[in-house]
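Letter by letter, the chains look like this.
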Amino acid sequence: MSDTKKEMIKYAKIFYKKGMVDSAGGNLSARDKDKIFITKRDSSINRLWDYDESCFVEAKLSGEAVIKKMQPLMSRESHLHFRIFNEFSHVNSIFHIHPRYLLGFASLKIDMPIVTALARDRLFPSHIKCIRDEQENTISESIAIVRYFKYLYNNSPDCGLACLLSGHGIVVAGKNLKDTFMKVEVLENNARTFYYMQLIEQSNYYKEFRREDSKDIYGDWDHIQRTGIKDVKLYFEREDVDFSID
Ligand SMILES: [Zn+2]
């Protein structure tokens, strides 16, 4: 089995174990030289995301299955995957899944604000857009998504390519499987953090903490910051060393 398929199997298992997918659907794809591997229709329900070699369809970049009889077995969202691969030569992996926290935003058909520093660091824009003006799983929806990704890419070639599909999940495209997996996880954590922020903001603790006249619970901060410590200059603070990576 190719290393690409082995890696796809690994991430599929992690997604299911972490509750980021359910047996109802979702699909993964990856580019391997001039071939695309994409998960087979219904393999999530039939295999509960515990894939083996038989769960993949191998296809050309045009979307044509290498073995003709496999053509109807490709995932429902195949046209979206192939359209993205054709448009972006740097994209080598695409995940469409239904993570539980991101589903809240997708089900309400609203954009998700980026609230965590990690998601910002991974170069997502201020919001993850929900594609809501097109009929679900249609050619016109996939064209709208590719246009949106192109818009993001034209603004910044390093921008994370992701969007919510109204009612049912997220699509993330990355430069390799590891990169795509990490971005999906970062976005799901961002969604979860947003929910917790709403809960905390409603709490009495938060209201009390935010009151201007409330005292610091840890003491006098200005006093703490005058506490004496050793004056150490660490190696990576030196100005005479070149820290750039070749
Ligand atoms: Zn879906």
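Everything that follows concerns the structure shown earlier in this document.
Cut-offs applied
- Residues numbered from 1 in each chain as written.
- Predicted model: local features only at pLDDT ≥ 70, side-chain atom pairs only at ≥ 80, totals over all residues.
- Heavy atoms only, no water.
- Helix = DSSP H or I, 4+ residues; strand = E, 2+ residues; numbered from the N terminus.
- Rg over C-alpha atoms; globule rule 2.2 N^0.38 Å.
- Buried < 20%, exposed > 50% of the residue type's maximum accessible area, 1.4 Å probe, protein only.
- Contact = heavy atoms within 4.5 Å.
- Areas by Shrake-Rupley, 256 points an atom, 1.4 Å probe, with all protein chains shown as cover.
- Donors = N, O, S within 2.8 Å, 3.2 Å for Na, K, Ca; no water.
- Expected span 1.5 Å × (residues − 1).
- Polar contact = N/O pair within 3.5 Å; in protein donor to acceptor, adjacent residues only side chain to side chain.
- Pairing = 2+ DSSP bridges.
- Axes fitted to C-alpha atoms, helices over the stretch in contact; angles between N-to-C directions.
- Core = buried A, V, L, I, M, F, W, Y, C linked by side-chain atoms within 4.5 Å.

A.B. asks: An account of the overall build of the protein chain is requested, with residue identities and associated values reported.
C.D. replies: Assigned secondary structure in the protein chain consists of 9 helices and 9 strands. Relative to a compact globule of 246 residues, whose C-alpha radius of gyration would be 18 Å, the protein chain shows 22 Å and is clearly more extended. Of all 246 residues assigned to the protein chain, the portion counted as buried reaches 39%. The long-range share in the protein chain, meaning contacts at least 24 apart out of those at least 6 apart in sequence, stands at 62%. Accessible surface, the protein chain: about 14800 Å² in total, of which carbon and sulfur atoms supply 51%.

A.B. asks: Talk me through the coordination of the zinc ion; I want residue IDs and the actual numbers.
C.D. replies: Listed as protein donors to the zinc ion are His96 (NE2), His98 (NE2) and His168 (ND1); their distances from the metal cover 2.0 to 2.3 Å. Within one chain, the residues donating to the zinc ion are spaced in sequence as H-x1-H-x69-H. Taken together, the residues His98 in the loop between β4 (93-97) and α4 (102-108) and His168 in the loop between β8 (161-165) and β9 (169-174) connect sequence positions 70 residues apart. For the pair His98 and His168, a shared accessibility class is recorded, and that class is buried.

A.B. asks: Explain the environment of Ser2 to me, using residue names and the numbers behind them.
C.D. replies: Tracing the chain through its elements places Ser2 in the segment before α1 (3-17). Owing to a relative accessible area of 23%, Ser2 belongs among the partly exposed residues under this scheme. Measuring from C-alpha to C-alpha, the distance between Ser2 and Glu53 comes to 9.2 Å, with 51 residues separating the pair along the chain.

A.B. asks: Kindly report on helix α7 (residues 177-201), identifying the contributing residues and their values.
C.D. replies: An α-helix turns once per 3.6 residues; consequently, residues spaced three or four apart project the same way. Here α7 spans 36 Å end to end across 25 residues, near enough to the 36 Å set by a 1.5 Å rise per residue. The N-terminus of α7 is capped by Asn176, whose side-chain oxygen sits 3.2 Å from the backbone nitrogen of Lys178.

A.B. asks: Can you break down α1 residue by residue, with the values?
C.D. replies: Over its 15 residues, α1 runs 21 Å from end to end, which matches the ideal 21 Å to within 8%, given 1.5 Å per residue. Of the positions making up α1, those classed as buried are Thr4, Lys5, Met8, Ile9, Tyr11, Ala12 and Phe15. Buried positions along α1 lie against β1 (27-32), β2 (35-39), β3 (56-59), β4 and α7.

A.B. asks: I'd like a description of the sheet that holds β3, backed by residues and values.
C.D. replies: Read from one edge of the open sheet, 7 strands run β3-β2-β1-β4-β9-β8-β7, paired in mixed fashion. Pairing within the sheet leaves two strands with one partner each, and these edge strands are β3 and β7 (130-131). Taken together, the 5 bridges between β8 and β9 define a ladder with antiparallel strand orientation. Counted as the bridge partner of Leu165 is Gly169 from β9. Running over the sheet, helix α6 (residues 139-155) touches β7, β8 and β9 and is turned about 145° from β8.

A.B. asks: Please set out the nonpolar core residue by residue, giving values where relevant.
C.D. replies: Of all hydrophobic cores here, the largest spans 35 residues; its most connected members are Phe15, Leu28, Ile97, Leu164 and Leu187. Within the residue set of this core, elements represented by two or more residues are α1, β1, β4, α4, β8, β9 and α7. If you tally residues by element for this core, the top one is α7, at 6 residues. For Leu187, the residues in contact, after removing those within four places along its chain, are Leu102, Met112, Ile114, Phe124, Ile128, Ala162, Ile170 and Val172. Ranked by size, the runner-up nonpolar core spans 26 residues in total, among them Ala59, Met70, Met74 and Phe88.

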